[in-house]
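Here's the letter readout for the chains.
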Amino acid sequence: MSVNGVTGATTTYDTYPVNQTTASTAAEDKNTTNTSDDKQNSGVVYEPSTDKGSTTAKTYTQNTNLVNKMKADAEAHAQQLQNIVQQLMSKQGETYNTANDIWSFLAKGEFTVDAATKAQAEKDIAEDGYWGVQQTSDRIIDFATALTGGDPSKIEEMRDAFKKGYEQAEKTWGGKLPDISQKTYDAVMEKFDKMAEDAGLTTSN
């Protein structure tokens, strides 16, 4: 056997496994690269973790303090709306009476008012007046929206607060509020319905 023959055989033997290893390594590198690319493309890597502070932790604990704070805030907002509704409805009723029942009060000698005051009251309860149905109902809705930040999920909560405020105003008034206030009530309810409809929610009115 020639030296060249041995050398050639040895060279061939050494080269084949080296090429095979290189190909295998390249395939593994490619698979690793593809896996890495897939993770980058998906934007989400699911890795088990026992760290409760990690966003990928498998265990979840309710944030009781935050829940209680949110409940307290919601109750405070509902109470605020209830209070403002009571004040608005009572004031609207007083203005209405000043404009329409002034002479009966005067006849009883309960109070006196000048013509200018009566004229202003009539203007205030007019359709486009400050205490008219539209402006008063708009203020109530605006206040409810401001309290909730426009969160559609709070619509029914605000509606309930409005109802309670209206009922409280009736108790303070001593009975049913004037017709203008009842029309305002209907207008507010319709606007809550519209808000719910726009948000794709089912109303409970």
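Draft legend 1. Region of interest: the overall build of the protein chain. Along its length, the protein chain carries 7 helices and 0 strands. For the protein chain, the N- to C-terminal ordering of α and β elements is α-α-α-α-α-α-α. Considering the protein chain as a whole, with its 205 residues, one finds that 24% of them fall into the buried category. Summarising the internal contacts of the protein chain: among those between residues at least 6 apart in sequence, 66% fall at separations of at least 24. Entry remark: accessible area of the protein chain is about 13,900 Å², with carbon and sulfur atoms responsible for 52%.

Draft legend 2. Local environment of the packing of helix 2 (residues 64–100) against helix 4 (residues 115–124). Axis separation between helix 2 and helix 4 bottoms out at 8 Å; the angle between their running directions is 125°. The angle between helix 2 and helix 4 falls in the class oblique. The two elements helix 2 and helix 4 meet at a crossing, and its hand is left-handed. Contacts between helix 2 and helix 4 involve Thr 95, Thr 98 and Ala 99 from the former and Thr 117, Lys 118, Ala 121, Glu 122 and Asp 124 from the latter. Among the residues making up the contact of helix 2 with helix 4, the classes are represented as 2 nonpolar, 3 polar and 3 charged.

Draft legend 3. A look at helix 6 (residues 155–173). Over its 19 residues, helix 6 runs 27 Å from end to end, which matches the ideal 27 Å to within 8%, given 1.5 Å per residue. When we look at burial in helix 6, the residues that qualify are Ile 155, Met 158, Arg 159, Ala 161, Phe 162, Gly 165, Tyr 166 and Ala 169. With its buried residues spanning 160° around the axis, helix 6 presents them on a single face. Here the buried face of helix 6 lies against helix 2, helix 5 (133–148) and helix 7 (179–198). Gly 174 lies just past helix 6 and shows a positive phi near 100°.

Draft legend 4. Up close: the nonpolar core. The biggest cluster of nonpolar side chains holds 27 residues, and the ones touching the most others in it are Leu 81, Val 85, Met 89, Ile 140, Met 158, Phe 162 and Phe 192. Looking at this core, the elements that each hand over two or more residues are helix 2, helix 5, helix 6 and helix 7. Each residue touching Met 89, except ones within four places of it in the same chain, is listed here: Thr 136, Ile 140, Tyr 166, Ala 169, Leu 177, Ser 181 and Thr 184.

Draft legend 5. View of the side chain of Ser 90. Turning to its location among the elements, Ser 90 is positioned in helix 2. Look at Ser 90 and you get buried, because its relative accessible area is 13%. Among the polar contacts made by the side chain of Ser 90, one reaches the main-chain carbonyl oxygen of Gln 86 at a distance of 2.8 Å. With residues up to four places along the chain from it excluded, the contact list for Ser 90 reads Ala 169 and Trp 173.

What counts, and at which threshold
Residues numbered from 1 in each chain as written. Predicted model: local features only at pLDDT ≥ 70, side-chain atom pairs only at ≥ 80, totals over all residues. Heavy atoms only, no water. Helix = DSSP H or I, 4+ residues; strand = E, 2+ residues; numbered from the N terminus. Buried < 20%, exposed > 50% of the residue type's maximum accessible area, 1.4 Å probe, protein only. Contact = heavy atoms within 4.5 Å. Areas by Shrake-Rupley, 256 points an atom, 1.4 Å probe, with all protein chains shown as cover. Axes fitted to C-alpha atoms, helices over the stretch in contact; angles between N-to-C directions. Parallel < 35°, antiparallel > 145°, perpendicular 65-115°, else oblique. Left-handed = near helix turned anticlockwise from the far one by under 90°. Nonpolar A, V, L, I, M, F, W, Y, C, P; charged D, E, K, R; others polar. Expected span 1.5 Å × (residues − 1). Arc of directions from axis to C-beta. Core = buried A, V, L, I, M, F, W, Y, C linked by side-chain atoms within 4.5 Å. Polar contact = N/O pair within 3.5 Å; in protein donor to acceptor, adjacent residues only side chain to side chain.

Without other data, these values stay purely geometric and don't point to any function.
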